[in-house]
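Each chain, written out:
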Amino acid sequence: YTTKNIFVSNNEHNSNEILEGTTANLSWVYDGTISEYQVLVGTTNPPTDIVQDWTEAAGTDGSLEYSLEQQNVKYYWQVKVRNNEETAESSILSFVSLKRPEVNPVANLYPGSNDAQASTTISWKEITGASYKIYYGNEVIDVESTSYELSGLSYNNGEANKMTVAAVYDGLGESFGTEVNI
């Protein structure tokens, strides 16, 4: 048997990509003809869970939509292909599935608020194992709790004060942010 390359991608992104949601779209291209393929996914490296056992295929590429069983973890995946003449396996790629914070509704500022230099508290649902960052203008504010009081805000002639709250997972990375308009 000879071995050829398998070019794999994870939702058309690089390894260690941060994904949001409950599905990962795994795809690959083989520089030969595929008769069968097998996909392994898991939270350990190398992955050991066969999520698609040897399945007939035709052509040079394939894909699999994988439903994520857990969020806030790192997944590893690998594809193996074969035909009558050769077998091959991809390198092991990874992706992280992170949940973004669910921010509670906040009252908008109103005309005249700039007279009082308004303050408001934004809050969000706790995500186990996460700390948080608030992005406001050029500021990055590290927050350990599930709320933060913003002061010195002013009414900007109908323009919202925009900020973003993101969850930070130790060893995994930072989630996509949730935008808040005040």
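Below is a short write-up of the structure. (Residues numbered from 1 in each chain as written. Predicted model: local features only at pLDDT ≥ 70, side-chain atom pairs only at ≥ 80, totals over all residues. Heavy atoms only, no water.)

**Description of the nonpolar core**
One broad trend across soluble globular proteins is that nonpolar side chains are buried collectively.
Here comes step 1: Formed by 20 residues in total, the largest nonpolar core has its most connected members in Leu26, Trp28, Val39, Trp77, Val81 and Phe95.
Here comes step 2: For this core, the secondary structure elements donating two or more residues are β3 (23-30), β4 (36-42), β6 (61-67), β7 (73-82) and β9 (93-97).
Here comes step 3: Counting residues per element, this core draws most heavily on β7, which supplies 5 residues.
Here comes step 4: Formed by 19 residues, the second largest nonpolar core is a distinct cluster that contains Ile122, Ile127, Val165 and Ile182. (Core = buried A, V, L, I, M, F, W, Y, C linked by side-chain atoms within 4.5 Å. Buried < 20%, exposed > 50% of the residue type's maximum accessible area, 1.4 Å probe, protein only. Helix = DSSP H or I, 4+ residues; strand = E, 2+ residues; numbered from the N terminus.)

**What about the pattern of salt bridges?**
Here comes step 1: According to the stated counting rule, one finds 5 salt bridges in the structure shown.
Here comes step 2: Residues Glu36 and Arg82 are paired through a salt bridge, measuring 2.6 Å at the closest nitrogen-oxygen approach. With Glu36 in strand β4 and Arg82 in strand β7, this pair connects stretches of sequence that are 46 residues apart.
Here comes step 3: In this structure Glu36 comes out as partly exposed when scored by relative accessible area, which is 24%.
Here comes step 4: With its nearest N and O atoms 3.9 Å apart, the salt bridge here joins Glu174 to Lys133. One end of the pair, Glu174, is in strand β15 (residues 173-174); the other, Lys133, is in strand β11 (residues 130-136), with 41 residues separating them in the sequence.
Here comes step 5: Judged by its relative accessible area of 26%, Glu174 is partly exposed. (Salt bridge = Lys/Arg side-chain N within 4 Å of Asp/Glu carboxyl O.)

**Details of the pairing of strand β16 (residues 178-181)**
Here comes step 1: What you see with β16 is a clean split: Thr178 and Val180 sit on the buried side and Glu179 and Asn181 on the side with no burial.
Here comes step 2: In this structure, strand β14 (residues 162-169) lies alongside β16, joined through 4 bridges in antiparallel fashion. Within the sheet, the bridge partner assigned to Thr164 lies in β16 and is Glu179. (Pairing = 2+ DSSP bridges.)

**Here we look at unusual backbone geometry**
Here comes step 1: A cis amide bond links Asn45 to the next residue, Pro46, at an omega of 5°.
Here comes step 2: In this fold, Pro46 is placed in the loop between β4 and β5 (49-56).
Here comes step 3: You will see that Asn72, though not glycine, has its phi angle at about 70°, which is positive.
Here comes step 4: Checked against the element boundaries, Asn72 lands in the loop between β6 and β7.

**With respect to the pairing of β7**
Here comes step 1: The element β7 is extensively covered by neighbouring structure, given that 7 of its 10 residues are classed as buried.
Here comes step 2: When β4 meets β7, the two strands line up antiparallel, connected through 7 bridges. Paired with Val41 across the two strands is Trp77, which belongs to β7.
Here comes step 3: Where β7 lies against β9, 5 bridges are found, and the strand directions are antiparallel. Looking at the pairing, Tyr75 lines up with Phe95 of β9.
Here comes step 4: Strand direction decides the pairing type here: β7 and strand β8 (residues 87-89), joined by 3 bridges, are antiparallel. The partner of Val81 across the bridge, within β8, is Ala88.
Here comes step 5: Two successive antiparallel strands, β7 and β8, enclose a turn made up of 4 residues.

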